[in-house]
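Inside the fold
One letter stands for each residue in the lines below.
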Amino acid sequence: MRVLSKGDGPPLVFFHGPWGLQWDPFLDELAGSFTVHAPEHPGTSPGRPDDIYQLDGLWDLVLCYDELLEGLGLESAAFVGHSFGAMVACEVAAAYPGRARRLALIDPLGLWREDAPIVNWMLLNPRDLPGHIFRDPDGDAARRMFAPAQDPEAVAMARVRLVWAVGASGKFLWPLPDKGLKKRIHRVTAPTLLVWGKEDRLVPPIYGEEFARRLPGARVEIVDQAGHAPHLEHPEAVARLVRDFLGQ
Amino acid sequence: MKISAFHLMPYRELPSDFETRYESVWVTPPWWELADARRVGQYYNWTLDELLYAARCGFDGICTNEHHQNAYGFMPNPNLMGSILARLTTGLNVAIVQMGATLPTSNPPIRVAEEYAMLDCISGGRLVAGLPLGSPMDVNLCYGITPMEHRERYREAFALTLKAWQAREIFPWNGRYYQLANVNLWPRPIQQPHPPVWVPGSGSVSTFDFAVEHDVCYCFLSYSGARSAKSMMQGYWEVAARKGRDANPYRAGFLQLVAVAETDARAEELYARHVEYFYHKCLHVPGPWFSPPGNQDYQSLVATTRNPVRRPENPKDLRYRDFVEKGYVIAGSPATVRDRLKEEVVNGLHVGNLMLLVQIGSMPHELVLENIERLAREVLPHLRGIWDDEGWVNHWWPQGLRETTAPPVTAWVSGDAR
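So, here is what we can say about the structure in this document. (Residues numbered from 1 in each chain as written. Chains lettered and ligands numbered in written order. Predicted model: local features only at pLDDT ≥ 70, side-chain atom pairs only at ≥ 80, totals over all residues. Heavy atoms only, no water.)

Concerning the overall build of chain B
Our working rule: Secondary structure is summarised from DSSP: a helix means a run of H or I of at least four residues, a strand means a run of E of at least two, and numbering begins at the N terminus for each. Buried residues are those whose accessible area, probed at 1.4 Å on protein chains only, stays under 20% of the maximum for their type, while exposed residues exceed 50% and partly exposed ones sit between those limits. Should any heavy atoms of two residues lie within 4.5 Å, those residues are counted as being in contact. Accessibility throughout is a Shrake-Rupley quantity obtained with a 1.4 Å probe, and a residue counts as covered only by protein chains that appear here. Counting rule applied: Lys, Arg positive; Asp, Glu negative; His and chain ends not counted. Each charge is placed at NZ for Lys, CZ for Arg, CG for Asp and CD for Glu.
The number of helices and strands found in chain B is 15 helices and 11 strands. Dimensions along the principal axes, computed over C-alpha positions, put chain B at roughly 60 × 45 × 45 Å. Out of the 418 residues belonging to chain B, those deemed buried represent 61%. Within chain B, contacts between residues at least 6 apart in sequence are counted, and of these 77% link residues at least 24 apart. With an accessible surface of roughly 16600 Å², chain B has 50% of that area assigned to carbon and sulfur atoms. Positive and negative charge centroids in chain B, built from 40 and 45 side chains respectively, lie 2 Å apart.

See the structure below:
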């Protein structure tokens, strides 16, 4: 697995969302206080698309991250995750409670409520994606993620990277993002912060309450003026929340 | 040439504003608003009668297929239809072409191997075993198979199926997706070593690579006609040559929509609204559903992203005359239809196994019978001999039926059989 690392301080592992890893201003903010390790989900590293086929299911993925932490020499670390990555962070924390020192989950997937179905983002028309990820589909955060390149080859490969990353996360989420976390989440011992975009149009904020109900002592912070990726729309403010929580 | 009648069995009475009122013909069309179970019972019986009629008229094969949760074609299990047809065509030289039961959605997939073996036994060895990958709408959306696993499951299920038909000993299967301690099919197919295998596809390069590698018949199920399929099929034949296969036209099948009447003008009168119904309503599916992320393997994803298939037009903007002119549908007088089929499809694509979609969209029962009869009487006899002089053997046709050139038996089909 390829891991992007930056910063100084106690270790922090960032689990990226379904659209692949981009080093963004939020991670820069965290790197000011932590040594941030951001692994690329199997299959999403450049030149290694078929790595995803080595994993048969979620249990393989959890073991894979456990081995990664071992490889990085981290007995335990702060876990921060977004969306699909937050679900993986929570799964690893449930499987190996000692691995997660503290847990900050940003709009996590992993639970399912029939009264609040989660939009299947894998079936959205690409042109509707920014509107589902961001409160403001025309804002800076959306532009950073979907930056229009000039070179047609670069445009094509950016699209390939995005679609393949979504497909690789879909291996563990399709057709509903409930793969049994509810049966394991009680094993999590790490103090947990749940950060939610107030206008998340993919995973409604009611899921914050659902996670908090199953994680005794977890705290929910709602971020105004933000959609499914509040850390990208408000990197400084969300980094401050996370930093303050992890520093406690 | 082997020419089969193909039937999707669409819902024939969708409202005129269907495509503007509803999101899709697949997954979301509301049953309770749109359909009626008694009426649907009638549809199934019409469909069976229409395919049986095609068999009696002299078509070489009759084709059923599997789709789920939609109003475009709703035979959720083609083998239920195929078993009735196998029984009712006893004594006829007609192939039971299952196009077919979908492997990744059958769990364990030896269910397909078993049912096909049943059909081969019931039909006396007349089965063509279509082994489709299945559409993303059916497999991923309706049956919940993860897109990233769709092709892997298919390849494993395909290998298991072929082995299950042929193994002399009981064997265990320890696969990634399927685990069986004892595989020992009862019954086995009459046809040995196994029934002819057809792999349908819709233009995916990795599927025709697979078909060539496994030496099976690749069937392009196209609704856009032969002209738009030309470069794709050329690609198929190039792959076949590169992998050391001969240019036997029976390695390829093609589906073509066909509507015939006394004259071109009469065909327009009879079929125009049904053709438009098919393209405007039956194919009403959001684009992203055709390829959820992960459904294409990485190489195909790179290829199609670099060179996206540019649809020259949106079928919803086209009308009957456009569909006919552009070859989506071959419609008109018998002379028009046979000339265009011969030139554009059979010779144009170098195809030996032709499938004709004889019931299009909302076509009512009587009109379907008329279309079938006219095709059998005035079109098929002019096509059937193509390729004969080149001496190719159709290895992908039931062996017992290869030599027969069943004459159309029009003398009696116009009477009681209807």
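And the narrative resumes.
What to know about the nonpolar core
Threshold: Each nonpolar core is a collection of buried residues, namely Ala, Val, Leu, Ile, Met, Phe, Trp, Tyr and Cys, held together in the definition by side-chain atoms within 4.5 Å.
Counting residues in hydrophobic clusters, the biggest one holds 214 residues, and the most contacted among them are B:Phe59 and B:Met233. Sort the elements by how many residues they give to this core and helix α3 (residues 37–57) of chain B lands first, with 10 residues. Residues A:Leu21, A:Val80, A:Leu193 and A:Val195 belong to the second largest nonpolar core, which totals 23 residues.

Section: the sheet that holds strand β6 (residues 192–197) of chain A
Residue and element names in this part refer to chain A. Defined as follows: The pairing criterion is simple: DSSP has to find at least two bridges between the two strands. Each axis is a line fitted through C-alpha atoms, taken for helices only over the stretch in contact, and angles between the N-to-C directions span 0 to 180 degrees.
Strand order in the open sheet made by the seven strands is β1-β3-β2-β4-β5-β6-β7, with mixed pairing throughout. Strand pairing shows two members of the sheet lacking a second neighbour, β1 (3–6) and β7 (219–223), which therefore form its edges. In this sheet, neighbouring strand axes are inclined to one another by 20° on average, regardless of whether the strands run parallel or antiparallel.

Considerations on the environment of A:Pro97
Residue and element names in this part refer to chain A. You can see Pro97 is positioned in the loop between α3 (84–95) and β5 (100–106). Judged by its relative accessible area of 23%, Pro97 falls in the partly exposed class. Distance from Pro97 to Val188, taken between C-alpha atoms, is 5.5 Å for residues 91 residues apart in sequence. Residues contacting Pro97, with those up to four places away along its chain left out, are Arg187 and Thr189.

Observations regarding the packing of helix α13 (residues 334–349) of chain B against helix α14 (residues 365–383) of chain B
Residue and element names in this part refer to chain B. Rules: Crossing handedness is read from the near helix: turned anticlockwise from the far helix by less than a right angle, it gives a left-handed crossing, and turned clockwise, a right-handed one. Under the scheme applied here, ten amino acids are nonpolar (Ala, Val, Leu, Ile, Met, Phe, Trp, Tyr, Cys and Pro), four are charged (Asp, Glu, Lys and Arg), and all others, including Gly, are polar.
Packing of α13 against α14 leaves a shortest axis separation of 9 Å and a crossing angle of 35°. In the crossing of α13 with α14, the sense of the turn from one axis to the other is right-handed. Together, Pro334, Val337, Arg338, Leu341 and Lys342 of α13 and Leu375, Glu378, Val379, His382 and Leu383 of α14 make up the contact between the two elements. For the contact of α13 with α14, the class distribution of residues is six nonpolar, one polar and three charged.

Some points on the interface of chain B and chain A
Operational definition: A 1.4 Å probe defines the accessible area here, and the buried area is the portion of it lost by two parts on being joined, summed over both. By salt bridge we mean one thing: a side-chain nitrogen of Lys or Arg within 4 Å of a carboxyl oxygen of Asp or Glu. Pairing of N or O atoms within 3.5 Å defines a polar contact, subject to two protein rules: one partner must be a possible hydrogen donor and the other a possible acceptor, and residues neighboring in sequence count only if both atoms are side-chain atoms.
Every contact between the two is made by 23 residues of chain B and, on the other side, 24 residues of chain A. For the chain B face of the interface with chain A, the top three residues by lost area are B:Met148, B:Pro293 and B:Tyr298, together amounting to 33%. Our count for the contact surface shared by chain B and chain A stands at two salt bridges. Among the salt bridges present, the one from A:Glu153 reaches B:Arg306, with a minimum N-O distance of 2.6 Å. Summed over the shared surface of chain B and chain A, the result is five residue pairs in polar contact (both at pLDDT 80 or more). Elements that contribute at least two residues to the side of chain B that touches chain A include exactly α6 (136–142), α7 (147–166) and α11 (298–306) of chain B. For the side of chain B that touches chain A, the element with the highest residue contribution is α11(B), accounting for five residues. For the side of chain B that touches chain A, the class distribution of residues is 12 nonpolar, six polar and five charged.

Focus: the pairing of β5(A)
All names here are of chain A. Counting buried residues along β5, six of its seven residues qualify, which places the element largely inside the surrounding structure. Both strand β4 (residues 77–82) and β5 contribute to a ladder of five bridges, which runs parallel. Note on β5: the bridge partner recorded for Gly81 is Leu105. Relative to β6, β5 runs parallel, the two sharing four bridges. Its bridge partner being in β6, Ala104 is matched across the sheet by Leu193.

Overview of the environment of B:Val25
Residues and elements named next belong to chain B. Position of Val25 among the secondary structure elements: in the loop between α1 (18–21) and α2 (31–34). Distance in space between the C-alpha atoms of Val25 and Gln69 is 8.8 Å, their sequence separation being 44 residues. Those residues in contact with Val25, other than ones at most four positions away along the chain, are Leu14, Phe18, Gln69, Asn70, Ala71, Tyr72, Lys281, Cys282, His284 and Val285.

Worth remembering: the numbers are spatial, not functional.
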